[in-house]
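Secondary and tertiary structure notes
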Amino acid sequence: MPERGRPRTFDRTAALRRAMELFWAKGYEGTSIAELTATMGINSPSLYAAFGSKEALFLEATEYYTQAEGTEIWAALDQASTACKAIENFLRQTAKAYSRTDRPQGCLIALGALHEDSSSGAICADLRRRRAGNLTALRKRLERGVAEGELPAKFDCRAVATFFATVQHGMSIQARDGASRAALLATVAGAMAAWKTMAATEAA
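From a predicted model like this one, the values you see are computed outputs, not experimental measurements. (Residues numbered from 1 in each chain as written. Predicted model: local features only at pLDDT ≥ 70, side-chain atom pairs only at ≥ 80, totals over all residues. Heavy atoms only, no water.)

This paragraph deals with the packing of aromatic side chains. In this description, a pair of aromatic rings is defined by centroid distance and the angle of the planes. Taken as a whole and assessed by the stated rule, the structure comprises 8 aromatic pairs. For the ring pair Phe-23 and Phe-58, a centre distance of 4.9 Å and an interplane angle of 80° mean the geometry is edge-to-face. Pair noted here: Phe-23 is in helix α1 (residues 12-26) and Phe-58 is in helix α4 (residues 54-68), with a separation of 35 residues, a long-range link. Overall, Phe-58 belongs to the buried group, its relative accessible area being 0%. Each member of the aromatic cluster is reached from another via a ring pair, and the members are Phe-155, Phe-163, Phe-164 and Trp-195. One residue, Lys-54, lies across the ring of Tyr-28, its end atom 4.4 Å from the ring centre. (Phe/Tyr/Trp six-rings, centres within 6.5 Å; stacked < 30°, edge-to-face > 60°. Helix = DSSP H or I, 4+ residues; strand = E, 2+ residues; numbered from the N terminus. Buried < 20%, exposed > 50% of the residue type's maximum accessible area, 1.4 Å probe, protein only. Lys NZ or Arg CZ within 6 Å of the ring centre and 35° of its normal.)

Right, dumping it as structure tokens:
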């Protein structure tokens, strides 16, 4: 049976990207349906027909963000030859990505929703899951460093991964508050000084 009504006349992917950027700039709760429809160039019935709900749109937008934005940050973990260089490149790419002026500053996954929301917590739960996945990626790269003999066997990969994930989240807030790329890179330098201390402590 053919679909009833007029066929969709907008570019769904382009509309999704515009929604992603609005959520990125204002967060889930800070973004209204009226703002979404205006930014996406569609009306409310089209939004609900294409995406289901504001909650479903946000969840799809965060998945799009994960696939389309900041991929160079996470690629840095696998491309570097050492765990130390992987962490440094990860943070330097973070500084570069978070300080771009052609899009919202900071990270949607870190800043999109931090408190229980009107979606019965589904948004916060999804973002927590994604942040946990990022933490796991950091921990696994450090564990690889242990397995390859670069880091000592007793190196606390979980604690160190948590530290650098926390640094990255702080950089997101700094960037949103207007920190320059140079300021973010200064944070990277400080974090890498901490790496030297942690590695030396673990090896002792």
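Counting 56 residues, the largest nonpolar core has Phe-23, Met-40, Leu-57, Ile-87, Leu-91, Leu-142 and Trp-195 as the members making the most contacts within it. When neighbours within four sequence positions are excluded, Leu-142 is seen to be in contact with Ala-83, Ile-87, Leu-151, Phe-155, Cys-157, Val-160, Ala-161 and Trp-195. (Core = buried A, V, L, I, M, F, W, Y, C linked by side-chain atoms within 4.5 Å. Contact = heavy atoms within 4.5 Å.)

The quantities given are spatial measurements derived from coordinates; they are silent on function.
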